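For reference, the chains in residue letters:
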Amino acid sequence: MSSTLHPVGRCLLTLAVVCFLATQLISITAPVQANVGTQSSNNTTAEGPFQILASADRDSARNTTKIPFTTYNPSGTTTYNVSAGAPPVAFDTTGFTEQSASVYAPRTDAYRKRLTTDIHVPYADDWVSNPDELRVVSAGNNTTRNITTGTGVTYPVMNGYYALGQIEPRNGWLPTRNAVITEGDNPRVTNPVRVEVNRGEFLSYEARNGQALDEFTTNLNHSRIPSGSPTVDQWYDDGSGITVQSSFSNRSFTVVDDHWVGVARTSPGAYSDEQFILSPDGVSIFAPSDFWVTEPSDWERTIEDGCKVTRTVTVIRNGNLTTVQRTTYYDVRQWERWNLVDTDTNQDVSVGGSSARQTGSSSYQVSDPRSGTISASHEVEVTLRRSWGNSSHPQCTWSRSETLTPESTADHTAEASVSRPDELSITVHAVDRQRLNQIFVTVNGSQDLNGQPVGRIRLSTLASDKFETIYGPWRFYPVRLYDSIEERTPNGTEDLPGSFNQPVPSDHVPHMYRDFAALGNWSKEGPMLLTVTRREIGAWGTEPALPQDVVHRNNSAPFYSVYGGRTYMTDAEIRLLQANAEDIFGNDIDVSVERISYQEPQLDMQSDGKTVYVRLFDPNTGTGLGGRTLNLTGTDRSHVVTNATGWAVVTANTSFVSATFAGTPVLRGSAPFYSGVRSNHYATIFALERSGDLYLWLGRMIHEALLVVEWLALLLFLTWYKLVFRPTDKHGAS
């Protein structure tokens, strides 16, 4: 049998290999779209980019296999695996595409670090070529870059995401791809023509909540009620409703029903341990309400012979006029008419006794909130005109009427705590040393939610475009408040499922979200390259209770009182450092910058016998530095404090003496600041006094050596004697 394949067979084999390789290539380069089903309710459509906001939903793909995911870094494209158990991601520092949001949503949760960060969720990707002229103006490492457009706007770049300032309503982040940035001190974009920016469609977090709030705008014919809140406590209460009675028709009517009011969310604000945390400088409250109203039906009935009419009539009987009584029976029609004249509503919202001003159909603004109770009260008053009576013979015909104004009231309360304004103060120490520049941030005051929680601290310099943003430990996870909405009418109920899509399908509704507070680590970003080497804990924060299935740290976190370390900023940049800070609500925190320049001191030592004289002084002025502590070795004291002229006197107990000045403490010292210095000294006179020991040791060594020589000489003599005078075998004598 021939070993050569038939040409057709070779073609088939080649085609099979090509198909196999193509399949493998596609499986490597194309992200696998997870088959994500409904998460916590059959009434919620789980697919869609806004699923990234549903933090408390069980992540259906969290325990599935890894999928390839592509990002773009300075050296080019990087493909890595997004696996089960992926950590939560931050909206503040992540630029999402619609595709990436769909990848993350079923696998992990996302949070924002500040409540003023308006999340923008993309729902349609659109990659645009050549958006601007790009050039790199500064760089810190392989994953952080600053990009400047031809219009002079500077964008920091994180893993290929171009951060925009206030000119773009995207939370500052526009995803890019294909950018290749060089390494080194002068990085640049090597392929600006190929750079693409995602300028697709997106919707902000606040706008999405506004969409959901509009779903509850009252329509008198129906009431929309949230249905299914698997992760959130009951956030609304039912009203009393209105029922009217009629003794005439022996009927009762439900005029107003499915009446409710609630407190859904606050903005800016978060929910923590069964209470809202509010900004002291004003807050918006979403307090939706709804009801339906119907007019009672008319009624009538006929009573046969219900009207008896007796009258006296004159008749001729036997030729004579006479009066007689005649009775006639008529049918009676009893009737009742209802007319809904008017429906009047009124809603009041207050926070800690401070009344709120209505700014929308269900939104309210409080400019001076106080800790206490958020109260939402919704009243419905209807004006009913009722008339009833009999229609028959005029003697049996009558009618009555009345006007009724019954009311239904719905009330809901929630606890609120207002953070304290001006609680914190921050001092930034910009340290200029000869060989090391440092930045330290000192935070004074309470950083918990009832104090003034740190949102971010931004460091920048007037000498360059470098910056650093330090984020506090607080995290805020959006959690949806319901699965679906029930549309109720007097005739029945229709369920409207929740949707994560945009636009929302006509037979679905968007979700509304509430932000739950959590704790994480302090974090930082930016090209200043601040290497944190010093962290001093001022207090510990305990993480509030979170709904089940939120992906988070689930433990306590430190509130740092000191945070900072080394920076690679130049001396000019460190001298022109500036800083500002905000709490989680965007309110300013008082920040001061202290610039510290260190000088190099000099440390001289001399001795007189065992007495050693040490002097610490400023070499520029010759002034002694008094009151400084010196650490010593080889002396009778381990440390000593210099006198007013910078001198210190100690007694040596070895020939080698060392003195060290640690330097002025950067955070607890006072000007002028001096760097650390060390000096060594050899006490020669003291060494001569110790020389007798050396001579004694040498004498003993010589003595021992002579003993060894003597024993060796004796051994050699005995060996020689044995060899020379040993007996012979022949004579038996020596």
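Quick look at the structure, then.

What counts and how
Residues numbered from 1 in each chain as written. Predicted model: local features only at pLDDT ≥ 70, side-chain atom pairs only at ≥ 80, totals over all residues. Heavy atoms only, no water. Patch = residues over 30% accessible without salt bridge, like charges linked within 9 Å, V, L, I, M, F, W, Y side chains within 5 Å. Areas by Shrake-Rupley, 256 points an atom, 1.4 Å probe, with all protein chains shown as cover. Salt bridge = Lys/Arg side-chain N within 4 Å of Asp/Glu carboxyl O. Lys, Arg positive; Asp, Glu negative; His and termini not counted. Charge placed at Lys NZ, Arg CZ, Asp CG, Glu CD. Helix = DSSP H or I, 4+ residues; strand = E, 2+ residues; numbered from the N terminus. Disulfide = S-S within 2.5 Å. Buried < 20%, exposed > 50% of the residue type's maximum accessible area, 1.4 Å probe, protein only. Pairing = 2+ DSSP bridges. Axes fitted to C-alpha atoms, helices over the stretch in contact; angles between N-to-C directions. Contact = heavy atoms within 4.5 Å. Core = buried A, V, L, I, M, F, W, Y, C linked by side-chain atoms within 4.5 Å. Phe/Tyr/Trp six-rings, centres within 6.5 Å; stacked < 30°, edge-to-face > 60°. Lys NZ or Arg CZ within 6 Å of the ring centre and 35° of its normal.

Overview of a negative patch on the surface
A surface patch of like charges, here negative, comprises Asp 237, Asp 238, Asp 257, Asp 348, Glu 379, Glu 407 and Asp 411. Mapped by element, the contributors of at least two residues to the negative patch are β16 (236-238) and β31 (407-418). On the secondary structure map, Asp 411 appears in strand β31.

Concerning the state of the cysteines
Throughout the structure, instances matching the rule amount to one disulfide. What pairs with Cys 307 in a disulfide is Cys 396, and their sulfur atoms sit 1.8 Å apart. Judged by the torsion about the S-S bond (85 degrees), the Cys 307/Cys 396 disulfide is right-handed. Pair noted here: Cys 307 is in strand β24 (residues 299-317) and Cys 396 is in the loop between β29 (372-391) and β30 (398-404), with a separation of 89 residues, a long-range link. The burial state of Cys 307 is the same as that of Cys 396; both residues are buried.

A look at the sheet that holds strand β51 (residues 656-661)
Strand order in the open sheet made by the four strands is β49-β48-β51-β53, with antiparallel pairing throughout. Only two strands of the sheet have a single neighbouring strand rather than two, namely β49 (639-641) and β53 (677-682). Here the strands of the sheet are splayed against their neighbours by 25 degrees on average, with no regard to which way each runs. Sheet topology places β51 next to β53; six bridges connect them, and they run antiparallel. From the neighbouring strand, Ser 658 faces β53, where its bridge partner is Asn 680.

Some points on the pairing of β51
As defined by bridge partners, strand β48 (residues 629-633) adjoins β51 across four bridges and the pair is classed as antiparallel. Across the sheet, the residue bridging to Asn 631 is Thr 660, located in β51.

Thoughts on the pattern of salt bridges
What the rule picks out here adds up to 22 salt bridges. Between Glu 486 and Arg 488 there is a salt bridge whose closest N-O contact spans 2.8 Å. Across the salt bridge formed by Glu 536 and Arg 668, the nearest N and O atoms sit 3.2 Å from each other. Within this pair, whereas Glu 536 is found in strand β42 (residues 531-541), its partner Arg 668 is found in the loop between β51 and β52 (673-674), the two being separated by 132 residues in sequence. The exposure class of Arg 668 is exposed, given its relative accessible area of 62%. Residues joined by salt bridges that share partners form a network here, namely Arg 112, Glu 206, Arg 265 and Asp 515.

With respect to the side chain of Thr 266
As for its position among the elements, Thr 266 is in strand β19 (residues 265-267). With relative accessibility at 2%, the residue Thr 266 sits in the buried group. Leave out the neighbours within four places in its chain, and Thr 266 touches Phe 276, Leu 278, Val 283, Ser 284, Ile 285 and Ile 374.

Topic: the environment of Thr 651
Mapping Thr 651 onto the fold places it in strand β50 (residues 647-651). Residue classification places Thr 651 among the partly exposed positions, given a relative accessible area of 34%. For Thr 651 and Val 612, which are 39 residues apart along the polypeptide, the C-alpha to C-alpha distance reads 5.9 Å. Look past the residues within four positions of Thr 651 in its chain and what remains in contact with it is Lys 610, Thr 635 and Asp 636.

Digging into the nonpolar core
Phe 276, Leu 278, Ile 285, Val 349 and Ile 374 are the most contacted members of the largest nonpolar core, which totals 28 residues. Secondary structure elements with two or more residues in this core: β21 (275-278), β22 (283-286), β25 (320-351), β28 (363-366), β29, β31, β36 (474-480) and β40 (513-519). With four residues, β31 is the largest single contributor of residues to this core. Sequence-distant contacts of Phe 276, that is, excluding residues within four places in its chain, are made with Val 263, Ala 264, Arg 265, Thr 266, Ala 270, Tyr 271, Ile 374, Ala 414, Glu 415, Ala 416, Ser 417 and Arg 514. Counting 22 residues, the second-largest nonpolar core is a separate cluster that includes Ile 457, Leu 459, Val 532 and Ile 574.

A word on a nonpolar patch on the surface
Judged by side-chain polarity, Leu 707, Trp 711, Leu 714, Phe 717, Leu 718, Trp 720, Tyr 721, Leu 723 and Val 724 come together as a nonpolar surface patch covering roughly 960 Å² of accessible area. Residue Leu 714 is classed as partly exposed on the basis of its relative accessible area, which comes to 41%.

Notes on the packing of aromatic side chains
Applying the stated rule across the entire model yields 17 aromatic pairs. When the centroid spacing of 5.4 Å and the interplanar angle of 85 degrees are considered together, the rings of Phe 216 and Trp 260 count as edge-to-face. Residue Phe 216 is located in the loop between α3 (205-214) and β15 (223-227), and its partner Trp 260 is located in strand β18 (residues 251-262); the two are separated by 44 residues in the primary sequence. By relative accessible area, which is 0% here, Trp 260 ends up buried. Judged by centre distance (5.4 Å) and plane angle (70 degrees), the ring pair of Tyr 271 and Phe 516 falls under edge-to-face. Taken together, the positions of Tyr 271 in strand β20 (residues 269-272) and Phe 516 in strand β40 put the pair 245 residues apart, joining distant regions of the chain. Residue Tyr 271 shares its accessibility class with Phe 516, and that shared class is buried. Through a chain of ring-to-ring contacts, the aromatic side chains of Phe 216, Trp 235, Tyr 236, Trp 260 and Tyr 482 assemble into a single cluster. Over the face of the ring belonging to Trp 388 we find Arg 386, whose NZ or CZ atom lies 3.8 Å from the ring centre. Its guanidinium or amino end placed over the ring of Phe 440, Arg 534 lies 5.6 Å from that ring's centre, counting from NZ or CZ.

Examining the sheet that holds β22
Spatially, β19-β22-β28-β27 is the arrangement adopted by the four strands of the open sheet, whose pairing is antiparallel. A single partner strand is all that each edge strand has here, and the edge strands are β19 and β27 (357-358). Here β19 pairs with β22 via three bridges, running antiparallel. Along β22, the bridge assignment pairs Thr 266 with Ile 285. The strands touched by α3 within the sheet are β19, β22 and β28, with β19 carrying the most contacts at an inclination of about 140 degrees.

Functional significance is not addressed by these values, which are geometric in nature.
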